[in-house]
Amino acid sequence: MTLSPSHPLMDGRTAESPLISAYRGVKPSRRPVWFMRQAGRSLPEYRKAREGTGMLESCLLPELASEITLQPVRRHDVDAGIFFSDIVIPLKLAGVGVDIVSGVGPVLDSPVRTAADVAALPTLEDSALDPIREAVALTVAELGSTPLIGFAGAPFTLAAYMVEGRPSRDHMGPRSMMHADPETWQALAGWAADVSGQFLRAQIEAGASAGQLFDSWAGSLGRADYERFVAPASARALDGVRGLGAPLVHFGTGTSEILQPMRDVGVDVVGVDYRLPLDEANRRLGGGVPLQGNIDPALLTAPWEVLEAHVRAVVEAGSAAPGHVVNLGHGVPPTTDPEVLTRVVSLIHSIEP
Ligand code: 1CP
């Protein structure tokens, strides 16, 4: 498994970029920063581009998905683009009935709750991923030396939507299934691992220079359940991706107690949410793992002096790790003033790496 010689990571465009250097634990020329959900409703140009087009439909129109991916890179001078798509796109491309309902999130036509439901799940044909490959190729052609990050949802977070049929607070459905019907759980997590892995691999092969596995809701699990029922599936999702040589990041929220097992699924970098200072995260990981994070999104509306002090504290704490990519502790809130994000980027770039 190797990337083509014309891939941005192989032909000299991105291998020494600040982002890829920091992910590899090499000192970068400037301290890299990007924001989860940097594309999206905080940007007026996004709202304009999306007008009249459904969320999932937008993800499957290569020119539109590419344009939306590029918008925050042009505006903020961030050190990476994050591919505009959604964690439920591989479900949709496999033929599972799913939509993103405005103001709600992913909603399935029929929740997946029994062994028969899982057995009836369709396979994801490789050719169905062609619109994704095309959008990635268009995007990296524009990005030049700025790396594109591909991503996928981790099996637990995907299964949380599949079992509940919609967003939920406590993810009771999948957490109950693990114990009540472990075989069905394993089959579902395995299915989710395979489609996620295919989705991420397609993005990296088409030109993404790094990949992020989002297990946004893994923090609802205790460590024992995470290690037994979830980590093996997350590791499986990355089996077809790890050997490509693109750095891999693993992120979730509320994961302070499971950072080490999240690292152990076989990633290079751990994303930390805003709850745990990065120097403590570094300590919990034994000091050898590059980190990503963790500005508290709530502070984006604080007075500038308060936000600046917080950003400086995050940078200081992150300096303990062998590499640090600045990000938020979770996604950009839709109400964020985009000019604040631009100012945060230039502050971070002004600090010695
Ligand atoms: O109304 C709109 O404009 C749609 C909102 C939106 C957007 C912009 C959704 C619906 N998804 C996305 C894009 C998206 N989703 C990206 C790419 C853009 C970027 O980061 O700049 C990414 C990486 C995701 C991944 C995603 N989707 C996650 C993991 C990240 C996270 O935020 O934790 C999750 C959990 C989803 C599900 C989802 N999709 C959309 C919503 C509103 C949700 C969350 C619903 C919930 O609360 O459970």
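What you see is a predicted model; the values in this text were computed from it and never measured. (Residues numbered from 1 in each chain as written. Predicted model: local features only at pLDDT ≥ 70, side-chain atom pairs only at ≥ 80, totals over all residues.)

Asks: Help me get a handle on the pairing of strand β9 (residues 324-328), residues and values and all.
Replies: Summarising burial for β9: five of the five residues are buried, a large majority. Judged by which residues are buried, β9 turns out to be covered on both faces: His324, Val326 and Leu328 on one side and Val325 and Asn327 on the other are all buried. With five bridges joining them, strand β8 (residues 291-295) and β9 adopt parallel strand pairing. Within β9, the position partnered with Gln292 by the bridge is Val325. Between the parallel elements β8 and β9, the chain passes through helix α14 (residues 304-318) in a crossover that is right-handed. (Buried ≥ 20, exposed ≤ 12 C-beta atoms within 10 Å, placed from the backbone. Helix = DSSP H or I, 4+ residues; strand = E, 2+ residues; numbered from the N terminus. Pairing = 2+ DSSP bridges. Right-handed = clockwise from strand over helix to strand, strands pointing away.)

Asks: Residue-level account of the nonpolar core, with values.
Replies: If you look at the biggest cluster of nonpolar residues, it comprises 112 residues, and the most contacted ones within it are Ala159, Leu188, Ala192 and Ala208. Considering each element in turn, this core owes the most residues, twelve residues, to helix α10 (residues 182-206). Setting aside residues up to four positions removed in sequence, Ala208 forms contacts with Phe83, Val136, Leu148, Ile149, Gly150, Gln203 and Ala246. (Core = buried A, V, L, I, M, F, W, Y, C linked by C-beta atoms within 7 Å. Contact = placed C-beta atoms within 7 Å.)

Asks: Requested: an account of the packing of helix α7 (residues 130-143) against α10, with residues and values cited.
Replies: At a closest axis distance of 8 Å, the pairing of α7 and α10 adopts a crossing angle of 35°. For the pair α7 and α10, the crossing hand works out as right-handed. Contacts from Ile132, Arg133, Val136 and Ala137 in α7 reach Ala202, Gln203 and Ala206 in α10. Here the residues of the contact of α7 with α10 are counted per class, giving five nonpolar, one polar and one charged. (Axes fitted to C-alpha atoms, helices over the stretch in contact; angles between N-to-C directions. Left-handed = near helix turned anticlockwise from the far one by under 90°. Nonpolar A, V, L, I, M, F, W, Y, C, P; charged D, E, K, R; others polar.)

Asks: Account for the UniProt feature "binding site: substrate" (unreviewed entry) in the chain, naming residues and giving values.
Replies: What UniProt calls "binding site: substrate" (unreviewed entry) maps, in this numbering, to Arg37, Gln38, Ala39, Gly40, Arg41, Asp86, Tyr161, Ser216 and His330. The largest pairwise C-alpha distance within this set of annotated residues, which runs over 294 residues, is 22.7 Å, so the set is dispersed in three dimensions. Judged by the 21 C-beta atoms lying within 10 Å of it, Gly40 is buried. Ignoring any residue separated from it by four or fewer positions in sequence, one finds Gly40 in contact with Tyr46, Val332 and Pro334. (UniProt positions renumbered as here; feature names shortened; annotations may be inferred.)

Asks: Can you explain α7? Please cite residues and give values.
Replies: Every α-helix carries 3.6 residues per turn, so stepping three or four residues along brings you back to the same face. With 14 residues, α7 extends 20 Å between its outermost C-alpha atoms, agreeing within 8% with the 20 Å of an ideal straight helix rising 1.5 Å per residue. Buried residues of α7: Ile132, Ala135, Val136, Thr139, Val140 and Leu143, and no others. One face of α7 carries all of its buried residues, which in axial projection span an arc of 125°. Looking at the buried positions of α7, the neighbouring elements they touch are α4 (62-76), β1 (81-82), β4 (148-153) and α10. (Expected span 1.5 Å × (residues − 1). Arc of directions from axis to C-beta.)

Asks: Any details on the UniProt feature "domain: Uroporphyrinogen decarboxylase (URO-D)" (unreviewed entry) in the chain? Residues and values, ideally.
Replies: UniProt records the feature "domain: Uroporphyrinogen decarboxylase (URO-D)" (unreviewed entry) at residues 32-41 and 149-165, using the numbering of this structure. Along residues 32-41 one finds 0% helix and 0% strand; the C-alpha atoms at either end are 23 Å apart.

Asks: Could you give me a rundown of the environment of Ala193, with the residues and numbers involved?
Replies: Relative to the helices and strands, Ala193 is located in helix α10. For the pair Ala193 and Pro8, spaced 185 residues apart in sequence, the C-alpha separation works out to 26 Å. Once residues within four sequence positions are removed from consideration, Ala193 is found in contact with Pro155, Ala233, Arg236 and Ala237.

Asks: Any chance you could break down the environment of Arg24 for me, citing the residues and the numbers?
Replies: Relative to the helices and strands, Arg24 resides in the loop between α1 (18-23) and α2 (44-50). Not counting residues up to four positions away in its chain, the partners in contact with Arg24 are Pro247 and Gly323.

Asks: So, the packing of α4 against α7: which residues are in play, and what are the values?
Replies: Axis angle and axis distance: for two packed helices, these are the angle between their axes and the distance between the axes, and together they describe the pair. Taken N-terminus to C-terminus, the directions of α4 and α7 make an angle of 40°; their axes are 8 Å apart at the nearest point. With respect to their mutual orientation, α4 and α7 come out oblique. Classified by chirality, the crossing of α7 by α4 is right-handed. Packed against α4, whose contacting residues are Pro62, Glu63, Ala65, Ser66, Thr69, Leu70 and Val73, the element α7 presents Pro131, Glu134, Ala135, Leu138, Thr139, Glu142 and Leu143 at the interface. For the contact of α4 with α7, the residue count by class is eight nonpolar, three polar and three charged. (Parallel < 35°, antiparallel > 145°, perpendicular 65-115°, else oblique.)

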